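Residues per chain are reported as follows:
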Amino acid sequence: MSSISTLVSQLVRPEILALNAYHVPVSAGMVKLDAMENPYQVPQSLREEIAAVVSGAAINRYPDPNPLALKRKIAALLQLKSGMSVLLGNGSDELIQLLAMAVNKPGTTLLSVEPSFVMYKMIATFLGMRYVGVPLAQDFSLDMSAMLAAIERDKPALIFLAYPNNPTGNAFSAADIKQIIAAAPSLVVVDEAYYAFAEDSFVPHLAEYPNLLVMRTFSKLGMAGLRLGFLVGSELWLNELEKLRLPYNVGVLPQLVAEKLLDHHDVLLAQAEQIKQDRSLLLQELSAIKGVKVYPSSANFLLLRVARAKEIFEGLKQRGVLIKNLHGSHPMLQDCLRVTVGTPEENRRFLEAFNETITQLA
Ligand code: PMP
């Protein structure tokens, strides 16, 4: 009889055996600035409204597989034109997977840029798809000649562009993205996970391009715990993706709570506005520290480059502040750290711990 480990290594695909699982660090009791969450809860009165909705929820029943009221609210918020529709996912991670599954013929390529959101590559690997990551230019803008050459050479079926990009925080040039959409024989998904903190969107351009979809998530807008992402675009695309969606991918409670929160979208947007202001302050304060380079950001986090980044990350952790160490994750992110913008108090504690750590290391 074979041991379990022998069976596992015989039966599981080698590319999965070689993967490291997506690592979520322990954060209990820490100032948590590692995952681009909105640090604010909603006001007490709204929490009570949510509690009332939840207490009446039919959790003995399967969720509505097509929650029209929620979809209509999203469509109205985005001012979607007729012929455009909404597909809900269990977080946008799930939508990335659906998109990849839909186009994954043998030998198909998924293309994105690097450094960018790691799930694009991970999901391609999960599905045995070819993945091409085109390096960004040194200033983290799109390297258009490399992009157009890769599109010509690899003919990707699917392209993901995070707008703004994670982990660099910048929004690529909209003109460059349009050029890519126009040139590519591919489905191009503009991933607007950080739309609430950015100045621009591709939603108004959906009707101009037959190969464009826009993906968003509510995770960064105060609903990370609900797991709710959505794709918008032509029904012709979304109808095909619907076939792949597992019937009950979004639970009863996330549906109800999201609907309630969308009735108070202004509350969430006001929180995002506060985060944007605090982002400027944090950027100023960090830039004033000698040896720290901070990159401008259109998202709810800042990317910084500083010598001995890993030790600074560890020093912050010892002081109860959790951020993201990017050093070692990609050659262009050498000495880089990413910090989510928190509440003013959390940002102060982060800066204090940061200053203490660099003084200690000096
Ligand atoms: N896209 C980008 C660019 C992200 O940074 C993230 C989260 N880090 C996601 C998608 C996934 O978000 P979620 O699955 O929480 O909707």
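Since this is a predicted model, take the numbers as computed values, not measurements.

### Remarks on the layout of surface pockets
Phase 1 of the analysis: Computed from the structure, the second largest pocket encloses a volume of approximately 290 Å³.
Phase 2 of the analysis: For the second largest pocket, the lining is made up of 16 residues, of which Tyr40, Gln41, Val42, Gly222 and Met223 are closest to its centre.
Phase 3 of the analysis: The residue inventory of the lining of the second largest pocket, partitioned by class, reads nine nonpolar, five polar and two charged.
Phase 4 of the analysis: Looking at which domains feed residues into the lining of the second largest pocket, each of domain 1 (12–42 + 266–361) and domain 2 (60–263) supplies at least three.

### Things to note about the packing of helix 7 (residues 144–154) against helix 8 (residues 174–183)
Phase 1 of the analysis: Between helix 7 and helix 8, whose axes approach to 11 Å, the crossing angle comes to 15°. One element, helix 7, and the other, helix 8, form an angle in the roughly parallel class. The two elements helix 7 and helix 8 meet at a crossing, and its hand is right-handed. Where helix 7 abuts helix 8, its residues Met144, Met147, Leu148 and Ile151 lie against Asp176, Gln179, Ile180 and Ala183.
Phase 2 of the analysis: For the contact of helix 7 with helix 8, the per-class residue count stands at six nonpolar, one polar and one charged.

### Details of unusual backbone geometry
Phase 1 of the analysis: The residue after Glu114, namely Pro115, is reached through a cis peptide bond having omega 0°.
Phase 2 of the analysis: Note that Pro115 resides in the loop between strand 3 (109–114) and helix 6 (119–126).
Phase 3 of the analysis: Here the residue pair Asn166 and Pro167 is connected by a cis peptide bond, since its omega of 15° sits within 30 degrees of zero.
Phase 4 of the analysis: Mapped onto the elements of the fold, Pro167 is located in the loop between strand 5 (158–162) and helix 8.
Phase 5 of the analysis: Residues other than glycine seldom take positive phi values, yet Gln79 does so here, at roughly 50°.
Phase 6 of the analysis: One non-glycine residue, Arg227, lies in the positive phi region at around 60°.
Phase 7 of the analysis: If you trace the backbone, Arg227 turns up in the loop between strand 7 (212–217) and strand 8 (229–234).

### Observations regarding the sheet that holds strand 12 (residues 324–325)
Phase 1 of the analysis: The strand order across the open sheet formed by four strands is 9-10-13-12, and the pairing between neighbours is antiparallel. Looking at strand neighbours, the two that pair on one side only are strand 9 (293–294) and strand 12, the edges of this open sheet.
Phase 2 of the analysis: With five bridges connecting them, strand 10 (residues 301–305) and strand 13 (residues 336–340) associate as antiparallel partners. Paired with Arg305 across the two strands is Cys336, which belongs to strand 13.
Phase 3 of the analysis: Along the sheet, helix 11 (residues 265–287) makes contact with strand 9, strand 10 and strand 13, crossing strand 10 at roughly 10°.

### Here we look at the environment of Ala124
Phase 1 of the analysis: Inspection of the secondary structure puts Ala124 in helix 6.
Phase 2 of the analysis: Sequence separation of Ala124 and Ser92 is 32 residues, and the distance between their C-alpha atoms is 15 Å.
Phase 3 of the analysis: Not counting residues up to four positions away in its chain, the partners in contact with Ala124 are Leu110, Met129 and Tyr131.

### Things to note about the packing of aromatic side chains
Phase 1 of the analysis: Tallied over the entire structure, the rule returns eight aromatic pairs.
Phase 2 of the analysis: Taken together, the ring pairs connect Phe117, Tyr120 and Phe160 into an aromatic cluster.
Phase 3 of the analysis: In this structure, Lys293 is placed above the aromatic ring of Tyr295, and the distance from its NZ or CZ to the ring centre is 4.6 Å.
Phase 4 of the analysis: A cation sits over an aromatic face here: Arg338 above Phe301, 5.8 Å from the ring centre.

Reading the values: rules and limits
- Residues numbered from 1 in each chain as written.
- Predicted model: local features only at pLDDT ≥ 70, side-chain atom pairs only at ≥ 80, totals over all residues.
- Heavy atoms only, no water.
- 1 Å grid on protein atoms, 1.4 Å probe; cavity = no way out; pocket = protein on both sides within 12 Å on 5 of 7 lines; lining within 4 Å.
- Points joined across faces, edges and corners; volume = space filled by probe spheres on them.
- Nonpolar A, V, L, I, M, F, W, Y, C, P; charged D, E, K, R; others polar.
- Domains from an automatic or database assignment.
- Axes fitted to C-alpha atoms, helices over the stretch in contact; angles between N-to-C directions.
- Helix = DSSP H or I, 4+ residues; strand = E, 2+ residues; numbered from the N terminus.
- Parallel < 35°, antiparallel > 145°, perpendicular 65-115°, else oblique.
- Left-handed = near helix turned anticlockwise from the far one by under 90°.
- Contact = heavy atoms within 4.5 Å.
- Pairing = 2+ DSSP bridges.
- Phe/Tyr/Trp six-rings, centres within 6.5 Å; stacked < 30°, edge-to-face > 60°.
- Lys NZ or Arg CZ within 6 Å of the ring centre and 35° of its normal.

Function cannot be read off these values alone, since they describe shape.
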